[in-house]
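Each chain is listed here by its residues.
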Amino acid sequence: MNDPAPPAHPFAELLGFEVTARGEGRCTTELELAPRHRNPHGIVHGAVLYALADTGMGGALTSVLEPGQLCSTVEIKIVYFRPALEGRLLCTTELVNRTRRTAALESSLRVGEKLLARAYGTFMILDAPS
């Protein structure tokens, strides 16, 4: 399932997460949670989970695109079930449906066995600019 040479990802480096597996319409992103990921209330900021889901969705979809195609987020809905404080955040994503120009994806975000959130996204498939 691993893409042998994933592209550089400056935003992932900024937050400190990594794409650990990618291929065949699936992607896994992971992050060791740290105090810098928390909001003023001491829990992990929801945008951190969102970032892993959005990146995972893009990774899953690009793993099955044709050469010369790219994708862009149209919308993502995320449902948060419980807060996180620490641990290793794991986001698993899979492609649910694809047409010629759109794709639907789903991500699950966990720390250990605890399900923190689920995200559902729609992406557009574009031809890369020449």
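For clarity, every value in this text was computed on a predicted model and none was experimentally measured. (Residues numbered from 1 in each chain as written. Predicted model: local features only at pLDDT ≥ 70, side-chain atom pairs only at ≥ 80, totals over all residues. Heavy atoms only, no water.)

Enquirer: Can you explain unusual backbone geometry? Please cite residues and give values.
Expert: Backbone geometry at Glu 24 places phi at a positive 55°, although glycine is not the residue there. One can find Glu 24 in the loop between strand 1 (18-23) and strand 2 (26-32). The class of Glu 24 is exposed, set by a relative accessible area of 68%. (Helix = DSSP H or I, 4+ residues; strand = E, 2+ residues; numbered from the N terminus. Buried < 20%, exposed > 50% of the residue type's maximum accessible area, 1.4 Å probe, protein only.)

Enquirer: Tell me about the sheet that holds strand 4 (residues 88-98), and name the residues and values.
Expert: Here we have six strands laid out as an open sheet, ordered 1-2-4-5-6-3, and antiparallel in their pairing. The sheet terminates laterally at strand 1 and strand 3 (69-80), the two strands that pair on one side only. The sheet shows a mean angle of 20° between the axes of neighbouring strands, taken without regard to direction. For strand 3 and strand 6 (residues 114-127), the ladder comprises eleven bridges, and the chain directions are antiparallel. What sits directly across from Cys 71, in strand 6, is Ile 125. On the sheet, helix 2 (residues 46-62) packs against strand 1, strand 2, strand 3, strand 4, strand 5 (102-111) and strand 6 and is oriented at approximately 140° with respect to strand 3. (Pairing = 2+ DSSP bridges. Axes fitted to C-alpha atoms, helices over the stretch in contact; angles between N-to-C directions. Contact = heavy atoms within 4.5 Å.)

Enquirer: Outline the nonpolar core, supporting the account with residue identities and numerical values.
Expert: Most often, soluble globular proteins keep nonpolar side chains buried together rather than apart. The biggest cluster of nonpolar side chains holds 31 residues, and the ones touching the most others in it are Leu 49, Leu 52, Leu 61, Leu 89 and Leu 109. Elements with a minimum of two residues in this core: helix 1 (10-15), strand 2, helix 2, strand 3, strand 4, strand 5 and strand 6. Sort the elements by how many residues they give to this core and helix 2 lands first, with eight residues. If we ignore the near neighbours within four places in the chain, the residues touching Leu 61 are Cys 71, Leu 95, Ala 103, Leu 105, Phe 123 and Ile 125. (Core = buried A, V, L, I, M, F, W, Y, C linked by side-chain atoms within 4.5 Å.)

Enquirer: Quick rundown of the side chain of Glu 30? Include the residues and the values.
Expert: When you line up the elements, Glu 30 lands in strand 2. A polar side-chain atom of Glu 30 sits 2.8 Å from a polar atom in the side chain of Thr 20. (Polar contact = N/O pair within 3.5 Å; in protein donor to acceptor, adjacent residues only side chain to side chain.)

Enquirer: Now, about the packing of aromatic side chains: what can you tell me, with residues and values included?
Expert: With the rule as written, the count across this model stands at one aromatic pair. Their ring planes at 80° and their centres at 6.5 Å tell us that Phe 11 and Phe 17 sit as a pair that is edge-to-face. (Phe/Tyr/Trp six-rings, centres within 6.5 Å; stacked < 30°, edge-to-face > 60°.)

Enquirer: Residue-level account of the pattern of salt bridges, with values.
Expert: Taken as a whole, this structure holds six salt bridges when the rule is applied. Across the pair Glu 94 and Arg 26 runs a salt bridge, and its minimum N-O distance is 3.5 Å. With a gap of 68 residues between them, Glu 94 in strand 4 and Arg 26 in strand 2 connect regions that are remote in the sequence. Several salt bridges share partner residues, and in doing so they unite Glu 18, Glu 30, Glu 32 and Arg 88 into one network. (Salt bridge = Lys/Arg side-chain N within 4 Å of Asp/Glu carboxyl O.)

Enquirer: I'd like to hear about the side chain of Ser 108, residue by residue, with values.
Expert: Relative to the assigned elements, Ser 108 resides in strand 5. Setting aside its immediate chain neighbours within four residues, Ser 108 contacts Leu 90, Cys 91, Thr 92, Leu 115, Ala 117 and Arg 118.

Enquirer: Pulling in residues and values, what's your account of the pairing of strand 5?
Expert: Where strand 4 meets strand 5, nine bridges bridge the pair, whose relative direction is antiparallel. Looking at the pairing, Asn 97 lines up with Ala 104 of strand 5. Hairpin remark: strand 4 followed by strand 5, antiparallel, with three residues in the connecting loop. Two elements, strand 5 and strand 6, share ten bridges in a ladder whose sense is antiparallel. In the sheet register, Leu 105 faces strand 6, and the bridge partner there is Gly 121. Between strand 5 and strand 6, which pair antiparallel in sequence order, lie two residues; one of them, Gly 112, sits at a positive phi of approximately 60°.

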